[in-house]
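Letter by letter, the chains look like this.
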Amino acid sequence: MKKNSILNARKRFLEIYNKKPDVISLAPGRINIIGEHTDYNLGFVLPAAIDRNIQFLAKRTKNNLVSVWAEFFQESENFVIHDLQVSLTIKWVNYVKGIFWVLEKEGYSLGGLDAFISGDIPLESGLSSSAALEVSVINALNKLFHLSLSREQLARLSQKAENDFVGVSCGLMDQFISVFGRKNTALFLDCETLFYEHVPLPLEEHGLNIVVYDSRIRRELSASDYNKRRLESAAALKSLKTSGVRSFKDVRDGMLEDKKDEMGDILFRRARHVTTENQRVMDAVRVLKKGDFQKLGELLFQSHQSLRYDYEVSCPELDLLYEVGKQFEGCLGARMTGAGFGGSGIALVEETQTEAFINRMKKESEDRQFTSPVFFEVAIGEGANIQ
Ligand code: ADP
Ligand code: MG
């Protein structure tokens, strides 16, 4: 499959530009196994790269003009590398421009390109196609212009491009996993220190699948609710700081209860989510090292309930995944992922039961007259690489 899509991209490049690319750069999308709303709280996350990629093919030119063809949109855009303006009409080109912008700002010297983007990561479905696009571009430029960027720089500069040029305030997790992902492993990441560790995730060996459930619900309000949660957790942390707590990772048994009256119920519950979620990520690492997927599943269910009742970022469509998952024999665990109020979730399902599980979800959604959801089965794939 992957080989075919690379061949196809090469063919398309040749058709469009009448020459061969110098570089073929691949970067994957991701799922987050556990650790939600912990990233900006400088806590723990456990993402994994998936076997779906953005492919960025490019050849250097002798001028300062970049021409990019986006296969998905069937359109091309041009820009001059020293005159980078955010496009208000063509959103996708800003991710490419953003990488040029951040590298120029850091003092790297770049040149023009003929380039081509294709891929099989569904857009805006919570699989982080945006980070995959950024990472595929920066890794290609790293190679083409001999920039000698470290893997950490690839991730950090990609995030900076998305934050400061595209204007989306995302954490580092998506870019980090797209760079550092490894087949059949998840990546434990401490978002404060950037300490990371690969953790085994041999789903196939255990006859398991991860099903991504895209509720297709996009709530207009979600951005403001997201910001509200960020403010609430910052406020909760502030009142904990008097007990010597620097981040939620320092919260020990009893500390939250001691501060409950001072914080009030809402901030208490926000703090409880972040604290228990950090703990669940550590527990997930521990059980995965033992290959205990039953336990991992339980942690996913617990994470969902904490996001639902303590952090209050779920919605009926996402709760359905939990409800069906809980009842369905072959489902070990399920939870909402991402910012919430819509978007996606993941379920850990026995391979032989996957089809039945998806059918059950479809039927239950229909019965409730929800927007028709979309499902993807994903395997755990490699991080960014140059072919
Ligand atoms: P997500 O990262 O969850 O998939 P985002 O809204 O953050 O969703 O990013 C999606 C955006 O990234 C798209 O709207 C598009 O601008 C860009 N993008 C993703 N995949 C592609 C692609 N194959 N070709 C061109 N642009 C893409
Ligand atoms: Mg994104």
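Conventions we followed
Counting restarts for each chain: residues are numbered from 1 in the order of the written sequence. All chains are assigned letters beginning at A, and all ligands numbers beginning at 1, according to the order in which they are written. Only residues with pLDDT of at least 70 get local features here, since the model is predicted, and only at 80 or more are side-chain atom pairs given and counted; chain-wide, interface and lining totals rely on the full set of residues. For the side-chain quantities, the full set of heavy atoms in the structure was used; hydrogens and water were omitted. Residues are classed as near a molecule or strand on a simple rule: at least one heavy atom within 4 Å of it. A 3.5 Å cut-off defines polar contacts: any pair of N or O atoms within that distance qualifies, except that in protein one atom must be a possible hydrogen donor and the other a possible acceptor, and neighbouring residues in sequence count only when both atoms are side-chain atoms. With residues, only the protein chains shown are counted as cover, and all accessible areas are computed by Shrake-Rupley using a 1.4 Å probe. Only DSSP runs of H or I reaching four residues or more are called helices, and only runs of E reaching two or more are called strands; each is numbered from the N terminus. Amino acid classes used here: Ala, Val, Leu, Ile, Met, Phe, Trp, Tyr, Cys and Pro are nonpolar; Asp, Glu, Lys and Arg are charged; the rest, including Gly, are polar. The classification of residues rests on relative accessible area computed with a 1.4 Å probe and restricted to protein chains. Under 20% of the type maximum is buried, over 50% is exposed, and intermediate values are partly exposed. Throughout, the edges of the domains are those of an automatic or database domain assignment. In what follows, a contact means two residues having at least one pair of non-hydrogen atoms within 4.5 Å. Defined in terms of a 1.4 Å probe, buried area is the accessible area two parts forfeit on being brought together, summed over both. Patch criteria: residues need more than 30% relative accessible area and no salt bridge. Like-charged residues are merged within 9 Å; nonpolar side chains of Val, Leu, Ile, Met, Phe, Trp and Tyr are merged within 5 Å. The salt bridge criterion pairs a side-chain nitrogen of Lys or Arg with a carboxyl oxygen of Asp or Glu, the two atoms within 4 Å. Here, axes are lines fitted to C-alpha atoms. For helices the fit covers the stretch in contact, and angles between N-to-C directions go from 0 to 180 degrees. Here is the rule for angles: anything less than 35 degrees is roughly parallel, anything more than 145 is roughly antiparallel, 65 through 115 is roughly perpendicular, and the remaining ranges are oblique. What counts as a ring pair is set by centres within 6.5 Å for rings of Phe, Tyr and Trp (its six-membered ring), and what kind of pair is set by the plane angle: stacked under 30 degrees, edge-to-face over 60, tilted for all other angles. Two thresholds decide whether a charge sits over a ring: the Lys NZ or Arg CZ must be within 6 Å of the ring centre and within 35 degrees of the ring normal. Residues belong to a common nonpolar core when they are buried Ala, Val, Leu, Ile, Met, Phe, Trp, Tyr or Cys residues joined through side-chain atoms within 4.5 Å. To be clear, the arc concerns the directions from the helix axis to the C-beta atoms. DSSP calls a pair of strands paired once it identifies at least 2 bridges connecting them.

Student: Which parts of the structure should I look at to understand the site of ligand 1?
Tutor: Contacts to ligand 1 come from 13 residues, most closely from Trp92, Glu124, Ser128, Ser129 and Ser130. At a separation of 3.5 Å, an oxygen atom of ligand 1 approaches a polar side-chain atom of Lys91. The contact in question runs from an oxygen atom of ligand 1 to an N or O atom on the side chain of Ser130, over 3.0 Å. About the coverage of ligand 1: the protein hides 89% of its 570 Å² of free accessible area. No other element matches helix H3 (residues 129–144), which puts three residues into the shell around ligand 1. Each residue belonging to the shell around ligand 1 can be placed in one class, and the counts come to seven nonpolar, four polar and two charged.

Student: What am I meant to see in the environment of Lys362 here?
Tutor: Here Lys362 lies in helix H11 (residues 354–367). Since its relative accessible area comes to 41%, Lys362 is described here as partly exposed. Along the chain, Lys362 and Glu36 lie 326 residues apart, while their C-alpha atoms are 25 Å from each other.

Student: How should the domain arrangement of the protein chain be read in this particular structure?
Tutor: How big an interface is tends to be expressed through the accessible area that disappears when the partners come together. Annotation of the protein chain at the domain level lists domain 1 (3–200) and domain 2 (204–378). Once you take the C-alpha centre of each, domain 1 and domain 2 turn out to be 27 Å apart. Residue-level contacts link 30 residues of domain 1 with 41 residues of domain 2. With both chains or domains summed, domain 1 and domain 2 bury close to 2,900 Å², and 61% of this area falls on carbon and sulfur atoms. It is Ile34, Glu36 and His37 that lose the most area in domain 1 upon contact with domain 2, and together they represent 23% of the buried surface on that side. Across the contact surface, domain 1 and domain 2 share 20 residue pairs in polar contact (both at pLDDT 80 or more).

Student: Got a minute to help me understand a nonpolar patch on the surface in this structure?
Tutor: A cluster of nonpolar side chains, Phe72, Phe73 and Leu123, forms an exposed patch at the surface whose accessible area comes to about 300 Å². The residue Phe72 is located in the loop between strand S3 (65–70) and strand S4 (75–80) in this model.

Student: Please explain the packing of helix H8 (residues 265–289) against helix H9 (residues 293–310) as it appears in this structure.
Tutor: Each pair of packed helices can be summarised by the angle the axes make with each other and by the distance between the axes. At a minimum axis separation of 10 Å, H8 and H9 run at an interaxial angle of 170°. With respect to H9, the axis of H8 lies roughly antiparallel. Of the residues in H9, those in contact with Arg269, Arg270, Arg272, His273, Thr276, Glu277, Arg280, Asp283, Ala284, Val287 and Leu288 of H8 are Phe293, Lys295, Leu296, Leu299, Gln302, Ser303, Ser306, Leu307, Tyr309 and Asp310. Looking at the contact of H8 with H9 residue by residue, the classes come out as eight nonpolar, five polar and eight charged.

Student: Would you mind showing me how to read the packing of aromatic side chains here?
Tutor: Aromatic ring pairs are described here by two measures, namely the spacing of the ring centres and the angle between the planes. With the rule as written, the count across this model stands at 14 aromatic pairs. Ring geometry for Phe73 and Trp92: centres 6.3 Å apart, planes at 10°, overall stacked. Of the two residues, Phe73 is situated in the loop between S3 and S4 and Trp92 in helix H2 (residues 92–105); the sequence distance between them amounts to 19 residues. Centroid distance Phe79 to Phe100: 5.5 Å. Interplanar angle 80°. Geometry classified as edge-to-face. Here Phe79, found in strand S4, pairs with Phe100, found in helix H2; they are 21 residues apart in sequence, far enough to count as distant. Like Phe79, the residue Phe100 is buried in the burial classification. Cation over ring: Lys260 sits above Phe268, and NZ or CZ is 4.6 Å from the ring centre. Between the NZ or CZ atom of Lys326 and the centre of the ring of Phe301, over which it lies, the distance is 4.8 Å.

Student: Just to check I follow, could you spell out the nonpolar core for this structure?
Tutor: Ranked by internal contacts, the top residues of the largest apolar core, which has 85 residues, are Ile31, Leu46, Phe100 and Leu103. With nine residues, the single largest contributor to this core is strand S2 (residues 44–60). If sequence neighbours within four positions are ignored, Phe100 has contacts with Val66, Phe79, Ile81, Leu84, Leu110, Gly111, Leu113 and Leu141. Counting residues in each nonpolar core, the second largest holds 38 residues, with Leu267, Cys315, Cys331 and Val349 among its members.

Student: When you look at helix H7 (residues 255–263) in this model, what are you seeing that I'm missing?
Tutor: Each α-helix turn comprises 3.6 residues. Residues three or four places apart therefore point the same way. For H7, the complete set of buried residues consists of Leu256, Lys259 and Met263. Mapping the buried residues of H7 onto a view down its axis gives an arc of 75°, with all of them on the same face. Of the exposed residues in H7, those oriented more than 90 degrees away from the buried face are Asp258 and Asp261. Buried residues in H7 make contact with helix H6 (222–241) and H8. Remark: Gly264 follows H7 within two positions and exhibits a positive phi of approximately 85°.

Student: Got a minute to help me understand the pairing of S4 in this structure?
Tutor: Looking along a regular strand, one sees the side chains alternate between the two faces of the sheet. Note that S3 and S4 share six bridges and pair antiparallel. From the neighbouring strand, Leu65 faces S4, where its bridge partner is Val80. Following S3, the chain reverses through four residues before pairing antiparallel with S4; Gln74 in that reversal takes a positive phi of roughly 50°.

Student: For this particular structure, what's the right way to read the pairing of strand S6 (residues 185–190)?
Tutor: Most of S6 sits inside the fold, with six of its six residues counted as buried. Across the two faces of S6 the burial is the same, with Thr185, Leu187 and Leu189 and Ala186, Phe188 and Asp190 all buried. Relative to S6, S2 is paired through two bridges, and the arrangement is antiparallel. Bridged to Val45 within S6 is Leu189. Sheet topology note: the S6/strand S7 (residues 196–200) ladder contains five bridges and is antiparallel. Bridged to Thr185 within S7 is Pro200. The turn joining S6 and S7, which pair antiparallel and follow one another in sequence, is formed by five residues; a positive phi near 65° is taken by Leu194.

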